[in-house]
Amino acid sequence: MPKFQDLKISLALSDSKRKISDFREYAERIHEYAASDDAVTEAFERAYFADKDFRDEKEMLPPPGDAVAALESELLPVLAQMEATGVHADAKELRDIGEELREKSKNLELEMIDLIGEPFNPNSAKQVQYVLFDKLKIPSGKKIKTGFSVDSDTLEEIGKNYAIANLILEYRSYEKLRATYAEGLLKEIGEGGRIHTTYNQVATSTGRLSSESPNLQNVPSGEGYPARIKGCFRPAEAGWKYLVADYSQIELRILAHLSSDGALLNAFELGRDIHAETAKFLFPTAKEISKDMRRIAKTVNFGVIYGITGFGLSKTIGTSPAEATGYIAAFFERYSGVRAYYDALLEKARTTGYVETALGRKRFVKGLNDSNQNIRKGAEREATNMPVQWTAADVVKRAMVSVAERLKRGKFESRMIMQVHDELVFEGPESEMPDLEILVREAMETALPGYRLPVDIATGSNWASAKG
DNA sequence: CGAGGAGCGA
DNA sequence: ACGTCGCTCCTCGA
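Since the model is a prediction, treat every value here as computed from it, not as a measurement. (Residues numbered from 1 in each chain as written. Chains lettered and ligands numbered in written order. Predicted model: local features only at pLDDT ≥ 70, side-chain atom pairs only at ≥ 80, totals over all residues. Heavy atoms only, no water.)

Things to note about the confidence of the model for chain A
For chain A, per-residue confidence averages 86 on the pLDDT scale, and residues scoring 70 or more make up 86% of the total. Confidence over residues 1-65 falls short of pLDDT 50; this stretch has 94 contacts with residues more than four positions distant or in other chains. (pLDDT = per-residue confidence, 0-100. Contact = heavy atoms within 4.5 Å.)

A short note on the protein's contact with DNA strand C
Looking at DNA strand C, there are 25 residues lining it, with Ser-124, Lys-126, Ala-203, Ser-213 and Tyr-306 nearest. Between Gly-312 and DNA strand C, the recorded distance is 3.5 Å, taken from a backbone N or O atom to a phosphate oxygen. A distance of 3.1 Å separates a sugar or linking oxygen of DNA strand C from a polar side-chain atom of Arg-381. Of all elements in the fold, only helix H6 (125-135), helix H8 (163-188), strand E6 (210-212), helix H14 (310-317) and helix H17 (373-409) reach the threshold of two or more residues within the surface near DNA strand C. Split into classes, the residues belonging to the surface near DNA strand C amount to six nonpolar, 15 polar and four charged. (Near = heavy atom within 4 Å. Polar contact = N/O pair within 3.5 Å; in protein donor to acceptor, adjacent residues only side chain to side chain. Helix = DSSP H or I, 4+ residues; strand = E, 2+ residues; numbered from the N terminus. Nonpolar A, V, L, I, M, F, W, Y, C, P; charged D, E, K, R; others polar.)

Some details on the side chain of Arg-178
Of note, Arg-178 is situated in helix H8. Among the polar contacts listed, one links the side chain of Arg-178 to the side chain of Glu-175, at a separation of 2.8 Å. For Arg-178, the residues in contact, after removing those within four places along its chain, are Gly-98, Leu-101, Arg-102, Glu-183 and Gly-184.

With respect to unusual backbone geometry
With an omega dihedral of -5 degrees, the bond running from Ser-213 to Pro-214 counts as a cis peptide bond. Relative to the helices and strands, Pro-214 resides in the loop between E6 and helix H9 (225-231). A positive phi angle, near 55 degrees, is found at Gln-249, a position not held by glycine. Residue position: Gln-249 is located in the loop between strand E7 (240-247) and helix H10 (250-259). The residue Lys-411 is not glycine, and still its phi comes out positive at about 50 degrees.

Let's talk about the domain arrangement of chain A
Looking at chain A, the domain boundaries give domain 1 (3-89 + 192-250 + 394-460), domain 2 (91-188) and domain 3 (251-391). In this assembly, 29 residues from domain 1 lie in contact with 22 residues from domain 3. Of all residues in domain 1, the largest losses of buried area upon contact with domain 3 belong to Gln-249, Asp-394 and Tyr-451, amounting jointly to 27% of the total for that side. Counting across the interface, domain 1 meets domain 3 through one salt bridge. Taken together, the links from domain 1 to domain 3 amount to 11 residue pairs in polar contact (both at pLDDT 80 or more). Those elements giving two or more residues to the side of domain 1 that touches domain 3 turn out to be helix H4 (67-85) and H17. A breakdown of the residues in the side of domain 1 that touches domain 3 according to their chemical character gives 15 nonpolar, six polar and eight charged. (Domains from an automatic or database assignment. Buried area = accessible area lost by both parts, 1.4 Å probe. Salt bridge = Lys/Arg side-chain N within 4 Å of Asp/Glu carboxyl O.)

Notes on the packing of aromatic side chains
Counted under the stated rule, the structure contains eight aromatic pairs. Aromatic pair Tyr-341 and Tyr-342: ring centres 5.8 Å apart, planes at 40 degrees, arrangement tilted. Classification of Tyr-341 by relative accessible area gives buried; the value is 16%. On the basis of relative accessible area, Tyr-342 is assigned to the buried category, the value being 3%. Taken together, the ring pairs in this structure connect Phe-331, Phe-332, Tyr-335, Tyr-341 and Tyr-342 into an aromatic cluster. Just above the ring of Phe-332 sits the side chain of Arg-339; from NZ or CZ to the centre is 4.6 Å. (Phe/Tyr/Trp six-rings, centres within 6.5 Å; stacked < 30°, edge-to-face > 60°. Buried < 20%, exposed > 50% of the residue type's maximum accessible area, 1.4 Å probe, protein only. Lys NZ or Arg CZ within 6 Å of the ring centre and 35° of its normal.)

Digging into the nonpolar core
Of all hydrophobic cores here, the largest spans 121 residues; its most connected members are Leu-132, Phe-233, Tyr-247, Phe-426, Val-440 and Trp-463. Not counting the four nearest positions on each side in its chain, Val-440 is found in contact with Leu-243, Ala-245, Val-403, Phe-426 and Ile-457. (Core = buried A, V, L, I, M, F, W, Y, C linked by side-chain atoms within 4.5 Å.)

Focus on the pattern of salt bridges
Considering all chains together, one arrives at 29 salt bridges under this definition. Measuring nitrogen to oxygen at the nearest pair gives 2.9 Å for the salt bridge that ties Arg-452 to Glu-445. Among the residues examined, Arg-452 registers a relative accessible area of 47% and is labelled partly exposed. Here the salt bridges do not stand alone but share partners, grouping Glu-437, Arg-441, Glu-442, Glu-445 and Arg-452 into one network.

A closer look at the sheet that holds E7
One open sheet holds the four strands; their spatial order is E10-E11-E7-E12, and the pairing between them is antiparallel. The outermost strands of the open sheet, each flanked by one partner alone, are strand E10 (415-419) and strand E12 (455-460). Strand-to-strand, the axes of this sheet are offset by a mean angle of 25 degrees, without reference to chain direction. As paired strands, E10 and strand E11 (residues 423-429) are joined by four bridges and run antiparallel to one another. Its bridge partner being in E11, Gln-419 is matched across the sheet by Leu-424. (Pairing = 2+ DSSP bridges. Axes fitted to C-alpha atoms, helices over the stretch in contact; angles between N-to-C directions.)

Quick notes on helix H13 (residues 291-306)
Count 3.6 residues to each turn of an α-helix, and residues three or four apart come out pointing the same way. Taking 1.5 Å per residue as the helical rise, H13 with its 16 residues ought to reach 22 Å, and the 23 Å between its terminal C-alpha atoms agrees with that figure. Elements that come into contact with the buried residues of H13 comprise H10, helix H12 (274-282), H14, helix H15 (321-334), helix H16 (336-352) and H17. Two residues or fewer past H13, Gly-307 is found with a positive phi of approximately 70 degrees. (Expected span 1.5 Å × (residues − 1).)

Describing the protein's contact with DNA strand B
Taken together, 19 residues sit near DNA strand B, with Val-150, Ser-152, Arg-172, Asn-218 and Asp-422 positioned nearest. Interatomic distance of 3.1 Å between a backbone N/O atom of Thr-146 and a phosphate oxygen of DNA strand B. One of the side-chain nitrogen or oxygen atoms of Asn-218 is found 2.9 Å away from a base oxygen of DNA strand B. Broken down by element, the surface near DNA strand B gets its largest block of residues, three residues, from H8. Here the residues of the surface near DNA strand B are counted per class, giving six nonpolar, seven polar and six charged.

Describing H14
Along H14, the residues that are buried comprise Gly-310, Leu-313, Ser-314 and Ile-317. When H14 is viewed along its axis, its buried side chains cluster within an angular range of 100 degrees and face the same direction. Facing away from the buried surface of H14 by more than 90 degrees, the exposed residues are Phe-311 and Lys-315. Buried residues in H14 make contact with H13 and H15. Gly-318 lies just past H14 and shows a positive phi near 75 degrees. (Arc of directions from axis to C-beta.)

Following this line, the structure appears as structure tokens:
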């Protein structure tokens, strides 16, 4: 069967749950879909045109055999293998963590009821609104459909003056970890003690994969309970290890590559600390770059990729909007090639109505010529961000295909078991780890033609400990 | 069962 | 108005 056909089939399958014991069964199942139906065409178009309004523009359909189709179809069996293999998780430990968290939130609930003087459910936004704004008459903030927001930004503000807000925040953090991760993941453990997620190839407008039932791409990271939860993901076999490989600064490096900005490329080339490097130009009079300056520069570096506004940046770094706007301007002054790249990209998009990448991903962007500045700026953010995110997603997909081929050719027992956007996770016998590291590094670092993207690799006994 | 609110990751 | 995307949890009312 031609590869292009494989792609259509995978797209048709994307709405159904893929739980398969091996690729043979998977192949048989996709044959059933292959014969039919409109869903194939529909899903296929969806993969290319996230903007549904343009789905009828048939003449814009990519020709069979193009690079995106080839990549997606080569990725398909790799994903099938990962899903079928699954990830081993420690059920007992997840259960223990869940019980601990349940105990913690129960205690907090009692403490809060004691403080307020009447029972209420802190999981209910409506009841929290009542307690804070009606009963305690605390000044409210953001307006939402159902009254006033009680989200974490609001509660953090209120928490400066009222202990109850901090207790609710703490309660929520335990409940999130308990319900979604400790107990949520526990429910997903199947026979063999493994969790089998489903990777969706056509869910996002940015070319990324998504992961569902369960979502393994938003497992919490950090110290304490998040680390304990991540630590539950570990090999079932004695003597096996995890190997975690993640791209360092992939989007910023891709922006450097796409824009050919000399300063940005040079900073990366010299192996500089890119955030400290940017900080030098945001704070030209500073003798030394402080931690705080680096933090601000880091936020600017990331923010530029997403088209952050002065206002948005000011909220994140806690300065005035004017000051934040100045930092963004300083970034574009220093990295003027990025500005030029964005300008050229937008100029072309305004004329053609779409943005595209070298590989052939395309997206129509509405609003680039709108008279409303908000709509126009929003469209420009979308247009400038898209090629960077797309390219990053394609790099990882290409790396996955390449790694899978090399593992097969090298007759490795080790296998790829997870993808978290810029991170790939493997498990295998400890004896294979040194060779596995070399293989994975080579495949990942060379996945963007013409530019070597550095990768951080670490091994460990579980997902939490395998970090540099 | 779906909408709304909230929060997790990249 | 203020960055974006996608997934899942809980509550609440139809």
